[in-house]
Amino acid sequence: MTLEESIKFWLNSSLDDLNTAKAMIVAHRYNYTMFMCQQSLEELLKAIIMIETRNHPPYVHDLIILSKKIHLQIPKYIYKVLRDVNPHYIVARYKPQRFDPKIYNKSAAKKIIKATQETIKWFTEKMSLKKYLANL
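The shown structure was predicted, so the numbers you read here are calculated from the model rather than taken from an experiment.

**Q** What am I meant to see in the side chain of arginine 98 here?
**A** Topologically, arginine 98 is positioned in the loop between helix H5 (91-94) and helix H6 (106-127). Setting aside residues up to four positions removed in sequence, arginine 98 forms contacts with Arg29, Asn31, Tyr32, Val91, Ala92, Arg93 and Tyr104.

**Q** So what exactly am I meant to see when it comes to unusual backbone geometry here?
**A** In terms of backbone geometry, most residues other than glycine have negative phi values and most peptide bonds are trans. In the Ramachandran plot, arginine 54 falls in the positive-phi region, its phi being about 65° despite a non-glycine side chain. You can see arginine 54 is positioned in the loop between helix H2 (30-53) and helix H3 (63-67). Phi at serine 128 is positive, roughly 50°, even though this residue is not glycine.

**Q** Explanation requested: H2 in the structure shown.
**A** In an α-helix, one turn spans 3.6 residues; hence positions three or four apart end up facing the same way. Helix length check: H2, at 24 residues, gives a terminal C-alpha distance of 35 Å against a target of 34 Å (1.5 Å per residue), a fit within 8%. A large share of H2 lies buried, amounting to 21 of its 24 residues. Downstream of H2 by a residue or two, arginine 54 has a phi angle that is positive, lying close to 65°.

Calculation rules
- Residues numbered from 1 in each chain as written.
- Predicted model: local features only at pLDDT ≥ 70, side-chain atom pairs only at ≥ 80, totals over all residues.
- Heavy atoms only, no water.
- Helix = DSSP H or I, 4+ residues; strand = E, 2+ residues; numbered from the N terminus.
- Contact = heavy atoms within 4.5 Å.
- Expected span 1.5 Å × (residues − 1).
- Buried < 20%, exposed > 50% of the residue type's maximum accessible area, 1.4 Å probe, protein only.

Printed below as a string of structure tokens:
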């Protein structure tokens, strides 16, 4: 796969996982809604890292670590989203809290989907990602 194909792959994966998050909220699978939002943002950041470095992204899942590899001034409200979504990579799948309705509920899932969409939109505009993917 060429570098450009890899970038498109990560961007397509990001959008696909956001769509999966939306499907999971309809299915009342709120832990997976939030996990898929984390995945969506992870893949978006990895695409941006590839755009900037022209190399493969690191094999990490931490949104904060990935965001610090980007040479873009990221506003505090975007970092807050990344920080808030970040734990769902582990908690939503591997911890007993994945069944806690105080954490994983419709209201929380809706908020994370909205924040994820806004974050994707912000990065799309700042990084001119539409040139990589027409349907982004």
